[in-house]
Amino acid sequence: MKFTIAKTSFLDAISIGASMSGKNKTLPMHSQAKITIKDGSLTISSFDGEVAITKRVFGVEATGDATFCVEPREIVTLVKSIRDEVLTFAVDEHTFVVKHRKGKAEFAVFSADEFASPVVDESNITLKVSAETLFMFLIGAKEYVANDSLRPILNGIWVYVEDGVFGVAATDSVKLFNDYCAHDYSGEYTGAVLSGKATNVLLSMINGYSEVELSFSDKNIVATVDDARLVARRIEGRYPNFKAVIPQGFKTQITIDKEELCDSLSRIMLTASKANMCVKMTKKPMAVTIESRDLDFSKKAEETCECESDNTEMVIGTHGGNLQTAIRSIASNRIDFLFVDANRPIVLHDAENVNRTVMVMPLMLS
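Residues numbered from 1 in each chain as written. Predicted model: local features only at pLDDT ≥ 70, side-chain atom pairs only at ≥ 80, totals over all residues. Heavy atoms only, no water.

*Asks:* How should I be thinking about unusual backbone geometry in this particular structure?
*Replies:* You will see that M277, though not glycine, has its phi angle at about 50°, which is positive. With respect to the helices and strands, M277 occurs in the loop between α6 (258-268) and β19 (278-284). Although it is not a glycine, S298 adopts a positive phi angle of roughly 55°. Relative to the assigned elements, S298 resides in the loop between β20 (287-294) and β21 (299-306). (Helix = DSSP H or I, 4+ residues; strand = E, 2+ residues; numbered from the N terminus.)

*Asks:* Explain the packing of aromatic side chains to me, please; I cannot follow it from the model alone.
*Replies:* Any pair of aromatic rings gets described here by the distance separating the centres and the angle formed by the planes. Using the criterion set out here, one finds 12 aromatic pairs in the structure. Relative to F96, the ring of F68 lies with its centre 5.5 Å away and its plane at 35°, an arrangement referred to as tilted. One end of the pair, F68, is in strand β6 (residues 66-70); the other, F96, is in strand β8 (residues 95-100), and 28 residues separate them in sequence. For F96, a relative accessible area of 0% translates into the label buried. Residues F89 and F96 carry aromatic rings whose centres are separated by 5.4 Å and whose planes lie at 15° to one another, so their mutual orientation is stacked. (Phe/Tyr/Trp six-rings, centres within 6.5 Å; stacked < 30°, edge-to-face > 60°. Buried < 20%, exposed > 50% of the residue type's maximum accessible area, 1.4 Å probe, protein only.)

*Asks:* Before we go on, may I ask you to explain helix α3 (residues 131-141) in this structure?
*Replies:* Note on helix geometry: an α-helix contains 3.6 residues per turn, so any two residues three or four positions apart are oriented the same way. Those residues of α3 that fall on the buried side of the exposure criterion are A131, L134, F137, L138, G140 and A141. Close packing links the buried residues of α3 with β10 (125-130), β11 (156-162), β12 (165-171), β13 (175-182), α4 (196-206) and β15 (211-216). Residue S130 occupies the N-cap position of α3, its side-chain oxygen lying 3.4 Å from the main-chain nitrogen of E132. (Contact = heavy atoms within 4.5 Å. Polar contact = N/O pair within 3.5 Å; in protein donor to acceptor, adjacent residues only side chain to side chain.)

*Asks:* How should I be thinking about the environment of A223 in this particular structure?
*Replies:* Looking at the element boundaries, A223 is found in strand β16 (residues 220-225). Taking relative accessible area as the criterion, A223 reaches 1% and is therefore assigned buried. Each C-alpha atom of the pair A223 and T126 lies 9.7 Å from the other, and the pair is 97 residues apart in sequence. Excluding residues within four positions of it along the chain, A223 makes contact with L202, M205, V212, E213, L214, A228, R229 and L230.

So this is what it looks like as structure tokens:
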């Protein structure tokens, strides 16, 4: 059987549809991707035992239907190097042939009967959300995901819904991210944890689409757009009540220019102790002073930034790297810092997006 397809369409399908092949190093069967040619379309699927992805493209001219498996890595590298705009492929029981104007290349074919597929149970909740909104949420939350073997529930992004709200949260116990938007969902608070691996695949899958359908079941999260589908095994466990750790009733706050603060903090971090990366923030009337020091190497730095604030004075320490991550999560040029006291977390709000909350834990100053 032969088929012809545009190079860009084939690469679009295989880059997403085969993205999970080879991820599982312990089971060689997961190194393969399944290709199905039917009704003028090409569908590529891959599965690593935890995350499955399927991508479909149209515009295929074929002499028949076929379903087979290949190991896609070398094929992707080959196709990217070919300058032809349209590619011709041939497949039989044993060989997959890529033909182009300079020659051809042959790859082994494997039976599709042995291709592993995920078990998808019946969904409890199905809802549609803006793909652009979900993309922005996941991009913001990615840097807050933990890598904790003792608490795997934190090694992913909590995607949740409650009455009138759709949102995401992520935390590694020292910093926290939460963003949400209004939604027409009506029901109890529920959600699931999306693993870091599944998050990366989902980001590539939904980019450029207007809407994505999410389904939550006891074992899986399923995301669907027009021509792609992701099935991810949800991380088991109960996600912590992140809302309970966000302080309320702040004693004081400052509003500061993001660019000015980022510039100062990047310079301050050059002299911070490598042991704890601690920076000291001293809030004064209409100004905040940022300091760092490394006593072992006789280094220190201090800068003052203008801000909008009241006359309350406060001194608090925090991890400079975590603070930089939190600042990058704020989209607008003005950031609101909210303080309770030196022993409570620092909360950052986006001045233009009141739904986004970022939090960093303090460090004890010696």
